[in-house]
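Overview (structure and organization)
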Amino acid sequence: MTEQPTVAVLGTGIMGAAMARNTARAGLTVHAWNRSRAKAEPLAADGVRICDSPAQAVIGADVVLTMLYDGPATLDVMRQAADGLRPGAAWLQSTTAGVEGVADLARFAAAHELAFFDAPVLGTRQPAEAGQLLVLAAGPDAARPVVAPVLDAVGARTVWTGEDGAAGSATRLKLVANSWVLAATNAVGESLALAQALGVDPTSFLDAIAGGGLDMPYLHAKSALILEDRLSPAQFAVDTAAKDARLIAEAGRARGVRLDLAEAAAERFARAARQGHGQEDMAAAYYASFDPADPADPADPADPADPADPAA
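Everything in this summary refers to the structure shown in the same document. (Residues numbered from 1 in each chain as written. Predicted model: local features only at pLDDT ≥ 70, side-chain atom pairs only at ≥ 80, totals over all residues. Heavy atoms only, no water.)

**Remarks on the nonpolar core**
Stated precisely, the cut-off is as follows: Put simply, a nonpolar core is a bunch of buried Ala, Val, Leu, Ile, Met, Phe, Trp, Tyr and Cys residues held in one set by side-chain atoms that sit within 4.5 Å of each other. In this scheme, a residue with accessible area under 20% of its type's maximum is buried, one over 50% is exposed, and one in between is partly exposed, where area comes from a 1.4 Å probe on protein chains only. Numbering of helices and strands runs from the N terminus; a helix is a DSSP stretch of H or I covering at least four residues, while a strand is a stretch of E covering at least two.
The biggest cluster of nonpolar side chains holds 35 residues, and the ones touching the most others in it are Leu 182, Ile 226, Leu 231, Phe 269 and Tyr 286. Those elements that place two or more of their residues in this core are α8 (169–198), α9 (202–209), α10 (217–227), α11 (238–254) and α12 (260–277). The greatest single-element share of this core, amounting to eight residues, is contributed by α11. In this structure, Leu 28, Met 67, Leu 92 and Ala 128 belong to the second largest nonpolar core, which totals 34 residues.

Structure follows, in structure tokens:
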């Protein structure tokens, strides 16, 4: 292995593209593949080699980083990459795949003699682009020096949860963290929707709790995206939030825990997606509070009380 590892990034969506770019900017050789090549092409300007197939991307790679939609999609892509994989290479699996999904991926890693790292991340587009993600990771001590330059390039901090990536301890922590994030996102949307319905200026709500125990920066950040109509490009898309909410609810059900908020969040995000907001920021779940066929469906949430506005 060279002093700096060669890295293959499979999946260059919102998160994967930023991770590939920051890894290349850190001086590492990066190969990238995406199902839609057009999404990967801009990375060439940062010195990333764009590949036509997963197998081509992983040839010669010391580290494979996957950031795809879910566990089944990741397993499918890694099967396509199998002929190019080098036994002994490290696999940083950063997709939010769910507990059962990670177990399937770990079995693939064992069958192909890969050092498996369960390494989901916390953060959205902005921290990803800044290389300031929080990486939650579990994997073998012996292979950590190989993946360390990649982790340093994509994240501000790595929290190690264990040595056995197959146990899924990092993914379990990610699901717990995401359960809070998704619940908070929907709470923001519902509060603004209620303000809309009651004719309350949403800024008066934000001002009323500012600086107190009920206030938090996340509330203001997501409210601004809704009120200022800045839902695109997404920091974290509605479609992906719906998938993560389903994984959280499934993990709870499988272990005898009823997660009513996660179940409701999954349906709420799915409803927003059906309304056409799937690729917008997950704050667009705000619109799930309104029937798109209802003339009261808001076009301008920042002006909820204007009776002259047919969309108000």
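**Looking at the pairing of strand β9 (residues 155–162)**
Look at any regular strand and the pattern is simple: side chains alternate between the two faces of the sheet. Inclusion rule: In this description, strands pair whenever DSSP reports at least two bridges between them. A right-handed crossover is one whose linking path, passing over the helix from the first strand to the second, runs clockwise when the strands point away from the viewer.
Pairing of strand β8 (residues 133–138) with β9 involves six bridges; the strand directions are parallel. What sits directly across from Leu 136, in β9, is Val 159. Where the polypeptide runs from β8 across helix α7 (residues 144–154) and back to β9, its parallel neighbour, the crossover connection is right-handed.

**Some remarks on α8**
For clarity, the cut-off: Here, expected helix span is obtained from the residue count minus one, scaled by 1.5 Å.
With 30 residues, α8 extends 44 Å between its outermost C-alpha atoms, agreeing within 8% with the 44 Å of an ideal straight helix rising 1.5 Å per residue. At the exit of α8 stands Gly 199, carrying a positive phi of roughly 70 degrees.

**With respect to the pattern of salt bridges**
For clarity, the threshold we go by: Here, a salt bridge means any Lys or Arg side-chain nitrogen found within 4 Å of an Asp or Glu carboxyl oxygen.
Under the defined criterion, the tally for this structure stands at 17 salt bridges. In this structure, the salt-bridge partner of Lys 243 is Asp 244, at a minimum N-O distance of 2.8 Å. Note on Asp 244: relative accessible area 1%, which makes it buried. Because the salt bridges share partners, they merge into one network encompassing Arg 21, Arg 25 and Asp 46.

**Some remarks on the environment of Pro 202**
Relative to the helices and strands, Pro 202 resides in helix α9. A C-alpha to C-alpha distance of 27 Å links Pro 202 and Ala 177, two positions 25 residues apart in sequence.

**Observations regarding the side chain of Thr 95**
The criterion, for reference: Contacts described as polar in this section are N or O atom pairs within 3.5 Å, which, within protein, must combine one atom able to donate a hydrogen with one able to accept it, while residues neighboring in sequence count only if both atoms come from side chains. By definition in these notes, contact holds between two residues if any of their heavy atoms fall within 4.5 Å.
Within the fold, Thr 95 resides in the loop between β5 (90–93) and α5 (99–111). Residue Thr 95 is classed as buried on the basis of its relative accessible area, which comes to 0%. A polar atom in the side chain of Thr 95 sits 3.3 Å from the side chain of Thr 74. If sequence neighbours within four positions are ignored, Thr 95 has contacts with Thr 66, Met 67, Leu 68, Tyr 69, Asp 70, Gly 71 and Thr 74.

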